[in-house]
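Summary of structural features
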Amino acid sequence: MKKADMNRESMNQAIHYVNQSHVNQGHINQNGTALGTSIPAQAVTIAVGDTLEKTELLTSLAKACDFPSYFSQNWDSAWDCLTDSEAIHLRLDLTDVKRINTEDFNVFKSIIEDAFREFGKPQLWIIVPSEDEDYALDI
């Protein structure tokens, strides 16, 4: 696959998973492209703690994307504010997360995918723990 085709394919995806070791060590994929550089420098970081659930996701997303004061702390309002936001690239680092509410995380990802389908933004880069971590996240 040519580099231009890879970039076009990447632009057609809302969510990208990146292994932590590829970000930290600048690994090179089979096509000679540095995987760590695939996360745009201007990506807005969604800060999370060791538990990922609805309230934390909504609060962190609102803060990262500078949602307006009328944001209602629910999924519908998050979609509305996200699509009105200037945020084009988002970064979510799951390497220190110990517990994920899978249902909440799946709703969050579906909001990202739906907004991307409708508006062409945002794209989300999810950084997952390295293969050699003691635990594996069930995503």
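So, a few notes on the structure that sits alongside this text. (Residues numbered from 1 in each chain as written. Predicted model: local features only at pLDDT ≥ 70, side-chain atom pairs only at ≥ 80, totals over all residues. Heavy atoms only, no water.)

Digging into the overall build of the protein
A tally of regular secondary structure across the protein gives 5 helices and 6 strands. Sequence-ordered secondary structure for the protein, helices as α and strands as β, is α-β-α-β-β-α-α-β-β-α-β. Within the protein, the proportion of its 139 residues that are buried is 42%. Residue pairs at least 24 apart in sequence account for 68% of intrachain contacts in the protein once pairs closer than 6 positions are excluded. Put simply, the protein shows about 8,000 Å² of open surface, and 46% of that area lies on carbon and sulfur atoms. (Helix = DSSP H or I, 4+ residues; strand = E, 2+ residues; numbered from the N terminus. Buried < 20%, exposed > 50% of the residue type's maximum accessible area, 1.4 Å probe, protein only. Contact = heavy atoms within 4.5 Å. Areas by Shrake-Rupley, 256 points an atom, 1.4 Å probe, with all protein chains shown as cover.)

Overview of helix α3 (residues 54–64)
For α3, the complete set of buried residues consists of Leu57, Leu58, Ser60, Leu61 and Ala62. The inward-facing, buried residues of α3 contact β2 (44–46), β3 (51–52), α4 (75–84), β4 (89–93) and α5 (102–119). Backbone geometry just downstream of α3 places Asp66 in the positive-phi region, at approximately 55°.

Looking at the side chain of Lys121
Of note, Lys121 is situated in the loop between α5 and β6 (123–128). For the buried residue Lys121, which engages in no salt bridge, the nearest side chain bearing the opposite charge is Glu86, 6.3 Å off. Excluding residues within four positions of it along the chain, Lys121 makes contact with Leu82, Thr83, Asp84, Ser85, Glu86, Ala87, Ile88, Ala115 and Phe116. (Lys, Arg positive; Asp, Glu negative; His and termini not counted. Salt bridge = Lys/Arg side-chain N within 4 Å of Asp/Glu carboxyl O.)

As for the sheet that holds β2
Taken in spatial order, the 4 strands line up as β1-β6-β4-β2 in an open sheet, and their pairing is parallel. Edge strands, defined here as strands with exactly one partner in the open sheet, are β1 (15–19) and β2. Shown here is a sheet whose adjacent strand axes are inclined to one another by a mean of 25°, direction ignored. When β4 meets β6, the two strands line up parallel, connected through 5 bridges. Residue pairing across strands places Leu90 opposite Leu124, the latter belonging to β6. Seen against the sheet, α5 touches β1, β2, β4 and β6 and runs at an angle of roughly 145° to β6. (Pairing = 2+ DSSP bridges. Axes fitted to C-alpha atoms, helices over the stretch in contact; angles between N-to-C directions.)

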